[in-house]
Amino acid sequence: MRSSRKSDTAVTVTGSTTSLRAWWIVLPVVVVVAALVALTTSLAVSDRPSSEVGVVIAIGSLALLAVIATVAGVIRLGRRFGGTIDELSRTQSEVRQLLDNLPDAVMGLDERGAIATANQRAADLTGRSIDDLVGRSFLTMVGDTDRDSVTERWRIDLPASDTATVGASPMVLELVDSNGSPHLVEAWLHHRGSSDGGAVATGAVVVLRDVSDRERSSVKLEQARRRFQQAFHSAPTGMALVRLHDSKLVDANQSLADMLMRPLDSLLGVGIREITHPEDLRAAATQRARLELGIADTYLIDQRYLRSDGEYVWARTRVSITEDEGVAYAITHIEDVTDQRLAAERLTHAATHDGLTELSNRAALVERLDQLLALARPGDVSVLFIDLDNFKAVNDSLGHGVGDELLRATAQRLRKVMRGTDRLARFGGDEFVVFVDDGGDPAGLAERLRSEVQQPVVVDGHELVVTASIGFAVNVVDGLTADELLRDADAAMYSAKAGGRDRVEAFTAETRSASMLTLQTSIDLRKGLERGEIVPYFQPIVDLAGGQVVSFEVLVRWLHPERGLLMPHQFLPVAEESGLISELGGRMLRDSLAQLAHWRAVGLRFADCSLSVNVATQQLMDDDYPELISEALGETGIDADSLWLEITETTLMADTSVAAASLRRLRNLGIHLSVDDFGTGYSSLTYLKRFPVEAIKVDRTFVSGLGLEADDSSIVEAVIRLGHSLGLKVVAEGVETPLQLNRLRDLGCDRGQGYLFGRPRPAQITEDERSGLELDPTTIDF
């Protein structure tokens, strides 16, 4: 229909132009020729002299020539006029096409508010053809409820200024199509006022944009929000909306306020951590980390929350993540399970405690002791085995009732002597066990217990005096189990009995040996530092994409003259306890930089590698440490860009403000910083952005399960994504298998370190191995 109208217009314009040109050319010529012929004929039949006739003919010829010249001018003018009309026709067609291509509906209104023109989008929106729209009043298509407001807003019935734009901001109105269906549209009106004071002059334009879908979506979203708010605030369980980046409560319901015995308003703006038991915060750290890493989108955990009276209420907490306008929130469901928890605790207590004395029973003792030994260092855990002397005689002579009361009295006495951190359990019969897990004095505690037991006690009118034989043992070596330590303590107790009862005996050989070994290690370490027995070993760090060695981590070893090669765990704890760690760390820094300087001086091709040196907590907190590094770099001539310092998460979290300030000072020297053993500490991921670090090293415990354990693979992948999103390099530690290497490459890990690329070696062996060897990626692409 639109194309037909365009063709008709074009034909009309062309036909008119052709007819006009023909008449303008033919008519003047015909008239002049006819006049000339008539005049010549008249003169010929008259008696005029021939000279007069000739003059007349000459004048007529001149007139004819003038007419022809005029006709020629007219022809030229006609051509110009025809070209102008053609150009106007093309422009009109282009404007029409431009209007039809607009995403919005456009209508031109005349001075009466009737539609003078419209584009195709307007036709589509109204369900009418353009011809049907032309001449129709715009207001007749406006919904009844909006017609008056449109008239008032656009002042259709009021005079307008010479030039005006009405509705600089759009108004939303209802437009009814040909089927009677309403459409929500945004409408703008632009018009020029008429010179005679008319309401809306020729040239007024209405622009319409269909926003029905948007408004429907907005309505649905608002309805969903209202339903959520209704469900949120009417839920019988506690509900809280927590903003993730600062852990603040932005909304809570009355059920939660009642649970915590607080006014609802007082909860808003409170940090969720402020009302959560500290122990539960630590227990949920892994879950929160998985949530922040995107590994999980929800978790369920039982936690304690602080009531206004200072007591804690147990609640089953389900946390899920949502987002609103770019802000991440945790929707937290908090269900009071205090009664359930207390019932479960009673059952657990009955299963793990002795019904007679209310002490932990044997099963709970062994389980707890195994847990302690798995984490403890040698010398940290002591077990005291207590056996009442001649208890069988009390049972046989006075009965089991008296014997039971005697056991209860003994348990109370033992508790009175023990410290709060010591653990007491009834092992069975007349045997009790105490264990100490903080490296305390087991002999002194055993003597105090023995002295307390031997005091007289009155039971059912009988004054009884009993004694105890006590033996103790200490975990002097790694790998001891609860059964083994109890066996040693039991053997020492029998030794006490064999020695006359009412005495204390130690499982002494290993204990004295361990104590002497620690003392001797401290003495030897000072001498070893003086004699240069503490040396750096070098383990290569490889670029996983190219396969070349790009750095070496410096690892400390002790060439002990009597005990042979000692690993770090055999002497570094002693160095920390004895205050030698700073001196030892400084020695490693200088010696390793000097070795790198030597390699560069002799022109070894791997000498352009950097060095990674570990930093202890005491070193990082030392104000003189940056100066020590500057001196070491100056002495060896190594540029700061070639040195990386590795700091563990534990060191960073010891004091975050001090650590951040110290790291900034070190970074200002131009050296590089990385976080070692990432993922094993308790730091929040948000802390990572506070420190000026450039790399993170994924701990070997996660790399070991890569490609085998789903959790390890997910964590490694998440850490790599996190590191790269923060602009950090990611180094994987403990790479030992081709499977791990290939998986790390697939995940885009930057660098790797482990036995697959090379073990830690002393300087000379490193030099010999690397002088003629450079890793070819094809040789390790398994």
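Higher on the page you've got the structure.
Once a new chain begins, its residue numbering starts again from 1 and follows that chain's sequence as written. Only residues with pLDDT of 70 or above have their local features reported here, since the model is predicted, and side-chain atom pairs are shown and tallied only from 80 upward, although totals for entire chains, interfaces and linings are computed over all residues. Remark: hydrogens and water are excluded; side-chain values derive from all non-hydrogen atoms of the structure.

> For this particular structure, what's the right way to read the overall build of the chain?
The number of helices and strands found in the chain is 27 helices and 27 strands. Burial status follows relative accessibility: with a 1.4 Å probe on protein chains alone, a residue under 20% of its type maximum counts as buried, one over 50% as exposed, and anything between as partly exposed. Out of the 782 residues in the chain, the part that is buried amounts to 42%. Partitioning the contacts of the chain with sequence separation of at least 6, the portion at a separation of at least 24 is 59%. Accessible area for the chain stands at about 40,000 Å²; split by element, carbon and sulfur atoms hold 53% of it. Put simply, DSSP H or I for four residues or longer makes a helix, DSSP E for two residues or longer makes a strand, and each gets a number counted from the N terminus. Here a residue-residue contact requires only that any non-hydrogen atoms of the pair lie within 4.5 Å. Note on areas: Shrake-Rupley with a 1.4 Å probe; residue coverage comes only from the protein chains shown.

> Could you clarify how one ought to interpret empty space enclosed by the protein in this entry?
Here the idea is plain: a probe the size of a water molecule rolls over the atoms and shows the empty space left. Within this scheme a cavity is a closed region of a 1 Å grid, computed over the protein atoms alone, that accommodates a 1.4 Å probe without allowing it to escape, whereas a pocket is open but has protein on both sides within 12 Å along at least five of seven lines; lining residues each have an atom within 4 Å of a point. Grid points are joined across faces, edges and corners, and a volume is the space filled by probe spheres set on the points. Within this structure, the stated rule accounts for 4 cavities of 30 Å³ or more. Of the pockets and cavities examined, the largest cavity occupies roughly 100 Å³. For the largest cavity, the full set of lining residues is Ile541, Ser551, Ser610, Ser612, Trp644, Glu646, Ser674, Ala695, Lys697, Lys729, Val731 and Arg751. Within the residue set of the lining of the largest cavity, elements represented by two or more residues are β21 (610-614), β22 (643-648), β24 (695-698) and β25 (729-732).

> How should the pairing of strand β10 (residues 327-336) be read in this particular structure?
Regular strands place side chains that alternate from one sheet face to the opposite one. The pairing of strand β6 (residues 238-243) with β10 spans 6 bridges and is classified as antiparallel. Paired with Val242 across the two strands is Ala330, which belongs to β10. By this definition, two strands are paired if DSSP reports at least two bridges between them. Counted between consecutive antiparallel strands, the loop separating strand β9 (residues 312-324) from β10 contains 2 residues, among which Glu325 sits at a positive phi close to 55 degrees.

> What exactly am I supposed to notice about a negative patch on the surface here?
Any residue with relative accessible area above 30% and no salt bridge may belong to a patch, with like charges joined within 9 Å and the nonpolar Val, Leu, Ile, Met, Phe, Trp and Tyr side chains within 5 Å. For salt bridges, the criterion is a side-chain nitrogen of Lys or Arg within 4 Å of an Asp or Glu carboxyl oxygen. The charge count includes Lys and Arg as positive and Asp and Glu as negative, but it does not include His or the ends of the chains. Charged side chains are reduced to one point each, which is NZ for Lys, CZ for Arg, CG for Asp and CD for Glu. Negative charge collects at one region of the surface, where Asp622, Asp623, Asp624 and Glu627 lie side by side. With respect to the helices and strands, Glu627 occurs in helix α21 (residues 625-636).

> Please explain the sheet that holds strand β12 (residues 423-428) as it appears in this structure.
The pairing of strands in a sheet happens through backbone hydrogen bonds and is either parallel or antiparallel. The 5 strands lie next to each other as β12-β13-β11-β16-β17, forming an open sheet whose pairing is mixed. Two strands close off the open sheet at either side, each with one partner strand: β12 and β17 (504-506). Strand-to-strand twist across the sheet, computed as the mean angle between neighbouring axes with direction ignored, equals 20 degrees. In the sheet, strand β11 (residues 382-388) pairs with strand β16 (residues 468-474) via 7 bridges, with the strands oriented antiparallel. Working convention: axes come from line fits to C-alpha atoms, limited for helices to the stretch in contact. Angles between N-to-C directions cover 0 to 180 degrees.

> Looking at this model, I keep getting lost on the layout of surface pockets. Mind explaining?
If you add up the space inside the largest pocket, you get close to 1,200 Å³. Elements that contribute at least two residues to the lining of the largest pocket include exactly β19 (549-560), α18 (572-578), α19 (581-601), β21, α20 (617-620), β22, α22 (649-654) and β23 (672-678). Among the elements that make up the lining of the largest pocket, the one with the highest residue count is β19 (5 residues). Side-chain classes follow a simple rule in which Ala, Val, Leu, Ile, Met, Phe, Trp, Tyr, Cys and Pro form the nonpolar group, Asp, Glu, Lys and Arg form the charged group, and the remainder, Gly included, forms the polar group. For the lining of the largest pocket, the class distribution of residues is 15 nonpolar, 14 polar and 12 charged.

> Help me out: how do you make sense of the pattern of salt bridges in this one?
Pairing of side chains with opposite charge becomes possible as their charged atoms draw close. What the rule picks out here adds up to 32 salt bridges. A salt bridge links Arg341 to Glu345, with the shortest nitrogen-to-oxygen separation between them at 3.9 Å. One end of the pair is Arg341 and the other is Glu345, both in helix α11 (residues 338-352) and 4 residues apart, which spans about a single turn. Looking at Arg341, the relative accessible area reads 27%, which means it is partly exposed. Take Glu345: its relative accessible area is 35%, and that puts it in the partly exposed class. The partner of Glu405 in a salt bridge is Arg408, with the nearest N and O atoms 2.4 Å apart.

> Would you mind going over the environment of Leu643 with me for this structure?
Considering the arrangement of structural elements, one finds Leu643 in strand β22. Along the chain, Leu643 and Ile629 lie 14 residues apart, while their C-alpha atoms are 9.7 Å from each other. With sequence-adjacent residues up to four places away left out, Leu643 is seen in contact with Leu589, Leu593, Leu611, Val613, Ile629, Leu633, Ile671 and His672.

> Sorry, what's going on with unusual backbone geometry here?
Glycine aside, the phi torsion of most residues is negative, and most peptide linkages are trans. Here Met261, not a glycine, exhibits a phi torsion of approximately 60 degrees, which is positive. Positionally, Met261 belongs in the loop between α7 (254-260) and α8 (264-267). Although it is not a glycine, Asp677 adopts a positive phi angle of roughly 55 degrees. Its location among the elements puts Asp677 in strand β23.

> What's the story with a nonpolar patch on the surface in this structure? I'm lost.
A surface patch of nonpolar side chains, about 310 Å² in accessible area, is lined by Leu62, Leu65 and Ile68. Take Leu65: it is sitting in helix α2 (residues 50-101). Assessed through its relative accessible area of 53%, Leu65 is described here as exposed.

> Looking at this structure, I do not really get the side chain of Thr338. What am I missing?
With respect to the helices and strands, the residue Thr338 is situated in helix α11. Using a relative accessible area of 18% as the deciding quantity, one classes Thr338 as buried. A distance of 2.7 Å separates polar atoms of two side chains, one belonging to Thr338 and the other to Asp336. Excluding anything up to four places from it in sequence, Thr338 contacts Val313 and Trp314. Here a polar contact is recorded for every N or O atom pair within 3.5 Å, except that within protein the pair must consist of a potential hydrogen donor and a potential acceptor, and residues adjacent in sequence are included only if both atoms are side-chain atoms.

> In this structure, what is going on with the packing of α19 against α21? I would like to understand it.
Between two packed helices, what matters for the description is the angle formed by their axes and the separation of those axes. As a packed pair, α19 and α21 sit with axes 9 Å apart at the nearest point and diverge in direction by 25 degrees. Here α19 is positioned roughly parallel relative to α21, judged by the angle of their axes. Crossing of α19 over α21 shows right-handed handedness. From α19, Gly586, Leu589, Arg590, Leu593, Ala594 and Ala597 reach across to α21, where they touch Leu628, Ile629, Glu631, Ala632, Leu633, Glu635 and Thr636. In this scheme, roughly parallel covers angles under 35 degrees and roughly antiparallel covers those over 145, while 65 to 115 is roughly perpendicular and the rest are oblique. Helix crossings are classified by the rotation of the near helix relative to the far one: an anticlockwise turn of less than a right angle makes the crossing left-handed, while a clockwise turn makes it right-handed.

> What should I look at first to understand the environment of Asp623 in this one?
With respect to the element layout, Asp623 can be found in the loop between α20 and α21. Residue classification places Asp623 among the exposed positions, given a relative accessible area of 57%. Between the alpha carbons of Asp623 and Ser662 there is a distance of 7.8 Å; along the sequence they are 39 residues apart.

> How should the sheet that holds strand β8 (residues 298-306) be read in this particular structure?
On the basis of which strands lie adjacent, the open sheet formed by 5 strands has the order β7-β6-β10-β9-β8 and antiparallel pairing. Sheet topology places β7 (248-252) and β8 at the edges, where each strand pairs with a single neighbour. The sheet shows a mean angle of 35 degrees between the axes of neighbouring strands, taken without regard to direction. Bridge count between β8 and β9: 9 bridges; the pairing is antiparallel.

> Help me out: how do you make sense of the packing of aromatic side chains in this one?
Working definition: an aromatic ring pair is given by the centre-to-centre distance plus the angle between the planes. Each Phe, Tyr or Trp ring, with Trp reduced to its six-membered ring, pairs with another whose centre is within 6.5 Å; inter-plane angles below 30 degrees give stacked pairs, above 60 give edge-to-face pairs, and intermediate values give tilted ones. A full pass over the atoms with the stated rule returns 7 aromatic pairs. With centroids separated by 5.8 Å and ring planes inclined at 65 degrees, the aromatic side chains of Phe552 and Phe606 adopt a geometry described as edge-to-face. Placement of Phe552 in strand β19 and of Phe606 in the loop between α19 and β21 is noted, with a sequence separation of 54 residues between them. Judged by its relative accessible area of 3%, Phe606 falls in the buried class. Measuring from ring centre to ring centre gives 5.0 Å for Trp599 and Phe606, while their planes differ by 70 degrees; the resulting arrangement is edge-to-face. An aromatic cluster of three or more residues is present, and its members are Phe538, Phe552, Trp599 and Phe606. Over the ring of Tyr537 we find Arg557, and its NZ or CZ is 5.5 Å from the ring centre. Both a distance and an angle decide whether a charge sits over a ring: NZ of Lys or CZ of Arg must be within 6 Å of the ring centre and within 35 degrees of the ring normal. The ring centre of Tyr755 lies 3.9 Å from the NZ or CZ of Arg759, which sits over that ring.

> Looking at this structure, how should I read the nonpolar core?
As a rule of thumb, soluble globular proteins bury nonpolar side chains together. In terms of nonpolar packing, the biggest core is built from 62 residues, with Ile629, Leu643, Leu645 and Leu666 touching the most fellow members. The leading source of residues in this core is helix α25 (residues 710-725), at 6 residues. When residues no more than four places from it in sequence are discounted, the contact partners of Leu645 are Val613, Val615, Tyr625, Ile629, Leu666, Ile671, His672, Leu673 and Ser674. Only buried residues count toward a nonpolar core, which is a set of Ala, Val, Leu, Ile, Met, Phe, Trp, Tyr and Cys residues joined through side-chain atoms within 4.5 Å. With 33 residues, the next largest nonpolar core counts Val436, Ala446, Val474 and Val504 among its residues.

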